[in-house]
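Geometric and topological summary
As a plain string of letters, each chain reads:
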Amino acid sequence: MPNKVQVPRISDAIASSLERRILEGSLKPGDRLSPERELALEFGVSRPSLREAIQKLASKGLVQSRQGGGTYVTDTLESSFFDPWQEMMGGHPNLREDMLEFRRMLEGQAAEWAAERATEADLTRLEQSFKALDDAFTADDMVRRSNADIAFHQAVGEAAHNVLLGHLSAALLRLMHDNISLNLGELKSIPAASRLLMSQHAAIYKGIADRKPSAARAAAETHIDFVRETLAQSLRSVARRETAERRLNTDFSPSLTS
């Protein structure tokens, strides 16, 4: 009948709810879904309906079962961007500059939207991420610092409440993980760089917390500009040192001095 009401299947409704959590970042790649019994109780449905919903997500590649038990969120939404570029980064060093340029545009917009849209929960998470970053810089642990840097910028991206921006930001940060570690390591050799980096992160956080979109965007763009310029200076210094060492080795090689 043309006026017949279409009642959604229970499994479709459950799958849609879980899919929304993955899209919004409440469930992230690598997260394990709650046990079947707990999820069935949470949704108030039978376990067969829940299994059918999870199978729908698995058919889309959003979750997968692992050996030893458990169903986990995959990185499908990010890997399609990440995988081809990861290999390219190793063979084309100039891509790092292009990536920082793109990151400036993306993170400037993310900070602006975060200042406009962040909820109290977002601000709490952002505060926690900023404190973890501050602690990591104080501890002078490069691995911890890199991870905290990524977590802070991802918190900003998710506070922007744009699903595409959030996942693209996550993919970009994942792609740049090794690159960020390298950036921080090179910047470490520059006097006052650590202090300036932390003050820049503080300005981003303050702009968002104070609900000042323009200030938040400007702070994010200033941060990336500083990283790009200081990193370029550092790389030029490295190139000069390598050139000087090659000249020194050539000047005093046995073939020239014998």
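The sections below set out a description of the structure shown in this document.

Thresholds, definitions, all that
In this numbering scheme, every chain counts its residues from 1 along its sequence in written order. Local features in this predicted model are restricted to residues of pLDDT 70 or higher, and side-chain atom pairs are both shown and tallied only at a pLDDT of 80 or more, whereas totals for entire chains, interfaces and linings draw on every residue. No hydrogens and no water enter the side-chain calculation; it runs on all heavy atoms of the structure. A 1.4 Å probe that fits but cannot get out identifies a cavity on a 1 Å grid over protein atoms alone, an open set with protein on both sides within 12 Å along at least five of seven lines counts as a pocket, and a residue lines either if it has an atom within 4 Å of a point. Grid points are joined across faces, edges and corners, and a volume is the space filled by probe spheres set on the points. Each helix is a run of H or I in the DSSP string that is no shorter than four residues. Each strand is a run of E no shorter than two, and both are numbered from the N terminus. Amino acids outside the nonpolar list (Ala, Val, Leu, Ile, Met, Phe, Trp, Tyr, Cys, Pro) and the charged list (Asp, Glu, Lys, Arg) are all regarded as polar, and Gly is one of them. A patch is a set of surface residues, each over 30% in relative accessible area and not in a salt bridge, joined within 9 Å for like charges and within 5 Å for the nonpolar side chains Val, Leu, Ile, Met, Phe, Trp and Tyr. Reported accessibility uses the Shrake-Rupley method at a 1.4 Å probe radius. Residues are deemed covered only where the shown protein chains occlude them. We count a salt bridge whenever a side-chain nitrogen from Lys or Arg sits within 4 Å of a carboxyl oxygen from Asp or Glu. Each residue is assigned to one of three classes by its accessible area relative to the maximum for its type, calculated with a 1.4 Å probe on protein chains only: buried under 20%, partly exposed between the two thresholds, exposed over 50%. We call a set of buried Ala, Val, Leu, Ile, Met, Phe, Trp, Tyr and Cys residues a nonpolar core when their side-chain atoms join them within 4.5 Å. Contact definition: two residues touch when any of their heavy atoms are within 4.5 Å. Residue count minus one, scaled by 1.5 Å, sets the expected span of a helix.

In this structure, the largest pocket occupies an estimated 460 Å³ of space. Lining the largest pocket are 24 residues, with Lys28, Gln154, Glu158, Gly166 and Ala170 positioned closest to its centre. Elements represented by at least two residues in the lining of the largest pocket include exactly α1 (10-24), α6 (120-139), α7 (142-159) and α8 (163-175). Considering every element that reaches the lining of the largest pocket, the biggest residue donor is α8, with six residues. Split by residue class, the lining of the largest pocket holds eight nonpolar, nine polar and seven charged.

Bringing a nonpolar patch on the surface into the picture now. Taken together, the side chains of Leu23, Leu77 and Val163 define a hydrophobic patch exposed on the protein surface, amounting to about 220 Å² of accessible area. Counting through the fold element by element, Leu23 comes out in helix α1. Looking at Leu23, the relative accessible area reads 35%, which means it is partly exposed.

Moving on: the nonpolar core. Ranked by size, the top nonpolar core spans 36 residues in total, and within it Leu126, Leu133, Phe152, Val156, Ile204 and Ile208 carry the most contacts. Of all the elements in the fold, those that place two or more residues in this core are α5 (95-117), α6, α7, α8, α10 (193-209) and α11 (213-251). The residues contacting Ile204, other than those within four sequence positions of it, are Phe152, His153, Val156, Ala216, Ala219, Ala220 and His223. In terms of nonpolar packing, the next biggest core, distinct from the first, is built from 16 residues, Leu27, Val45, Leu57 and Val73 among them.

It is possible for side chains of opposite charge to pair when their charged atoms get near one another. The final tally for this structure, using the stated rule, is 16 salt bridges. Residues Glu107 and Arg103 are paired through a salt bridge, measuring 2.5 Å at the closest nitrogen-oxygen approach. In this pair, Glu107 and Arg103 are both assigned in helix α5, four residues apart and thus about one turn of the helix distant. Overall, the relative accessible area of 9% leaves Glu107 in the buried class. The class for Arg103 is buried, based on a relative accessible area of 4%. Here Glu221 ties to Arg217 by a salt bridge, and the two come within 3.1 Å at their closest N and O atoms. Remark: Arg217 and Glu221 occur in helix α11; sequence separation between them is four residues, near one turn of the helix.

A few words on α5. Note: α-helices contain 3.6 residues per turn, so residues at a spacing of three or four share the same orientation. For α5, which comprises 23 residues, the first-to-last C-alpha distance of 32 Å matches the rise-based estimate of 33 Å (1.5 Å per residue) to within 8%. Buried residues of α5: Leu95, Arg96, Met99, Leu100, Arg103, Leu106, Glu107, Gly108, Ala110, Ala111, Ala114 and Ala115, and no others.

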